[in-house]
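Analysis of the macromolecular model
Okay, here's what each chain looks like letter by letter:
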Amino acid sequence: MSENNNNNNNNNNNNNNNKIPSFGLKSNINITYNHLETVAKLSSDEKLVNEPPKFVDIKTITPLNVENNGIAQKRIISKRDLRSFHTTSTYSELLNFIIQLSLDVQGKSLKSNFTITNNINSIIKLLNQLDQYITDIPPKPIRTRFGNESFVEWFNMVEKETPKLLFNLINDKPLDTPITNDEVPLIYNEISTYLQNSWGDKQRIDYGSGHELNFICFLLCLVKIKFIKREEYELLVLVVFYRYLNIMRRLQESYWLEPAGSHGVWGLDDYHFLPFLFGSSQLIEHKYIRPKSIRNDEIVNSSFSDEYIYLGCIRFIGKVKSGGSLLEHSPMLVDISGVKNWSKVNEGMIKMFKSEVLGKLPIMQHMFFGSIIQYIDNPDIVETEEEINQRKPIVTHSFSSCGCINRVPSMFAVANTDKILASTSNNTSGDHCNDNEQQCSETGHDHSHNHNHNHNHNHNHPPSQQQQQQQHQRSYFPLD
């Protein structure tokens, strides 16, 4: 349990370890900081930070969206809705679940001596099946810098098969047990919504932290229906989430998924957030690895990156963004490396996740709600006149090679610019751009199109924006 895993007050200051190379670093053990007490204060109610979520009976619960085949629906469409959500037990459950997952992997390696349970193993088999679909549906040979349309094919396959796979999974049947979608109870469609939307957006062919959040909601559903127990939380991160992360990397590399939004190099990563949150918890009280160790190539390229998600992410970034230093393409991660210890990094990650993911309307307006994860409206929260005036319609662009709305190409596409230029030099590619320009112009929005796909990925931000970002970042990660 997390209380037992929290800062063991290890008074052993011996810097020698015969099994683990120190890379010249001194032992880094904090004997006074109580991490559990600190992160508990980030919860909606610190006394309830370790409380389990409200459980439901999957056999008796009635789906709320029967008219939509039980599929979970989006309910947050305004700032008022988001403020209302932040006052509810659903928000507290979700935030506490993420904090609990983080606490339960504190100080634990991916190679820790743990036993994989039957239910965890079943989830891995399901994920392996979805991974196999990537092999079955290879990317199309003609590519643009803005996603490969074979991803839509893969996504359609996932949408079709997921309810059946989940039904067999939860009912302890072999995944390939024959069953039609009509035979699957509607509640499984609701749970499937979260898993299906964990892989990105099939219209925009992109992926971001909102899709990552959907996977956490999928895991939360499994907990709430009692398929997963609290003692399996560490396995949810070290086995299940890690498997999900590797499948996502394969999807990003195979189909060149765009980063959702246009944060560019000013985010933690082009795609992910939670690997850094969970990964920083793994490294709390590590004897040798400190936040600044990410700037040490010898450490990043060592076996430590196979044991700790945070270091693995740094190694992966360095691999796919080989054109520059970590400071050039990931300045925020370099700044965070100046934080004193991993406990402070993890605390900052949770603060940042609350504010930059759970607190942002552009992300949370895509969160799904149903009978398991419920949207509870708070009538005491009233929409202000300013919020009403600031409402904007959500514009969906369905053409994958569209160059509008300041879209950021996949870093895998950037690494293969020469191949793209060769494949897009024919008339077919030009027709695609012309057709898409007409489609977007018909929406009546001025997105300042530039269909020259041979542009530089290193977007130039005004200095004032950079300074504001750094100041904002330091509010989460004090460099003390």
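Quick note: structure is the one above.
None of these values were measured; they are calculated from a predicted model. (Residues numbered from 1 in each chain as written. Predicted model: local features only at pLDDT ≥ 70, side-chain atom pairs only at ≥ 80, totals over all residues. Heavy atoms only, no water.)

1. Remarks on the overall build of the chain
Counting its secondary structure elements, the chain contains 21 helices and four strands. Intrachain contacts of the chain at a sequence separation of at least 6 include 82% that bridge at least 24 residues. Of the accessible surface of the chain, which amounts to about 22,200 Å², a share of 46% is contributed by carbon and sulfur atoms. (Helix = DSSP H or I, 4+ residues; strand = E, 2+ residues; numbered from the N terminus. Contact = heavy atoms within 4.5 Å. Areas by Shrake-Rupley, 256 points an atom, 1.4 Å probe, with all protein chains shown as cover.)

2. Quick notes on the pattern of salt bridges
Two side chains with opposite charge may pair up if their charged atoms get near one another. Summed over the entire model, instances satisfying the criterion amount to 14 salt bridges. In this structure, the salt-bridge partner of R80 is D377, at a minimum N-O distance of 2.6 Å. Here R80, found in helix α3 (residues 79-85), pairs with D377, found in the loop between β4 (368-369) and α17 (385-389); they are 297 residues apart in sequence, far enough to count as distant. Judged by its relative accessible area of 11%, R80 is buried. By relative accessible area, which is 39% here, D377 ends up partly exposed. The salt bridge involving E347 is made with K351; its shortest N-O contact spans 3.2 Å. Within this pair, E347 and its partner K351 are both found in helix α15 (residues 342-356), separated by four residues, close to a single helical turn. Take E347: its relative accessible area is 10%, and that puts it in the buried class. Among the ionic contacts, a cluster of salt bridges with common partners joins R80, D81 and D377. (Salt bridge = Lys/Arg side-chain N within 4 Å of Asp/Glu carboxyl O. Buried < 20%, exposed > 50% of the residue type's maximum accessible area, 1.4 Å probe, protein only.)

3. Some thoughts on the packing of aromatic side chains
According to the stated counting rule, one finds 22 aromatic pairs in the structure shown. Ring centres of Y194 and F368 lie 6.5 Å apart, and the angle between their planes is 90 degrees; this geometry places the pair in the edge-to-face category. One end of the pair, Y194, is in helix α7 (residues 186-196); the other, F368, is in strand β4, with 174 residues separating them in the sequence. A single burial state applies to Y194 and to F368, both of which are buried. Between the aromatic rings of F304 and Y308, the centroid separation amounts to 6.4 Å while the plane-to-plane angle is 40 degrees, which identifies the pairing as tilted. (Phe/Tyr/Trp six-rings, centres within 6.5 Å; stacked < 30°, edge-to-face > 60°.)

4. Things to note about unusual backbone geometry
In this structure, K226 takes a positive phi of about 70 degrees despite not being glycine. You can see K226 is positioned in the loop between α8 (209-224) and α9 (233-255). When its relative accessible area of 56% is taken as the criterion, K226 is described as exposed. One non-glycine residue, W256, lies in the positive phi region at around 50 degrees.

5. Notes on the side chain of E93
Summarising the element assignment, E93 is placed in helix α4 (residues 89-104). Overall, the relative accessible area of 18% leaves E93 in the buried class. Polar side-chain contacts of E93 include one of 2.6 Å to the backbone nitrogen of K54. Not counting residues up to four positions away in its chain, the partners in contact with E93 are P53, K54 and K224. (Polar contact = N/O pair within 3.5 Å; in protein donor to acceptor, adjacent residues only side chain to side chain.)

6. Structural notes on the nonpolar core
With 125 residues, the main nonpolar core has W154, W199 and Y310 as its most contacted residues. With 14 residues, the single largest contributor to this core is α9. The residues touching W154, leaving out its near neighbours within four places in the chain, are L130, Y133, I134, I137, W199, L251 and Y255. (Core = buried A, V, L, I, M, F, W, Y, C linked by side-chain atoms within 4.5 Å.)

7. Looking at α4
When the terminal C-alpha atoms of α4 are compared, their 22 Å separation across 16 residues agrees well with the 22 Å that a helix rising 1.5 Å per residue should span. α4 sits mainly inside the fold: 14 of its 16 residues count as buried. (Expected span 1.5 Å × (residues − 1).)

8. Quick look at the packing of helix α10 (residues 274-282) against α15
The contact between α10 and α15 brings their axes to 8 Å, and the two run at 150 degrees. In this view, α10 runs roughly antiparallel relative to α15, as classed from their interaxial angle. Crossing geometry of α10 relative to α15 is assigned as left-handed. On α15, the residues that touch L274, F276, L277, S280 and S281 of α10 are W342, V345, N346, M349, I350 and F353. The residue makeup of the contact of α10 with α15, split by class, is eight nonpolar, three polar and no charged. (Axes fitted to C-alpha atoms, helices over the stretch in contact; angles between N-to-C directions. Parallel < 35°, antiparallel > 145°, perpendicular 65-115°, else oblique. Left-handed = near helix turned anticlockwise from the far one by under 90°. Nonpolar A, V, L, I, M, F, W, Y, C, P; charged D, E, K, R; others polar.)

9. Thoughts on α7
In an α-helix, one full turn covers 3.6 residues, which means residues spaced three or four apart are oriented alike. Across the eleven residues that make up α7, a large majority, ten, are buried. When α7 is considered as a whole, its buried residues turn out to be I187, Y188, N189, E190, I191, S192, T193, Y194, L195 and Q196. Contact partners of the buried residues in α7: α5 (118-136), α6 (150-170), α8 and β4.

10. Remarks on the packing of α8 against α9
In the contact formed by α8 and α9, the axes pass within 12 Å of each other and the chain directions differ by 140 degrees. One finds that α8 runs oblique with respect to α9. For the crossing formed where α8 meets α9, the hand is right-handed. The residues of α9 that touch α8, namely those facing H211, E212, F215, I216, L219 and V223, are Y233, L236, V240, F241 and Y244.

11. Describing the environment of G370
As for its placement among the helices and strands, G370 is situated in the loop between β4 and α17. Judged by relative accessible area, G370 falls into the buried class, the value being 2%. The spatial distance from the C-alpha of G370 to the C-alpha of T62 is 9.7 Å, given a sequence separation of 308 residues.

12. Remarks on the environment of I99
Here I99 lies in helix α4. Separated by 179 residues in sequence, I99 and F278 place their C-alpha atoms 9.1 Å apart. For I99, the residues in contact, after removing those within four places along its chain, are V39, S43, V49 and I350.

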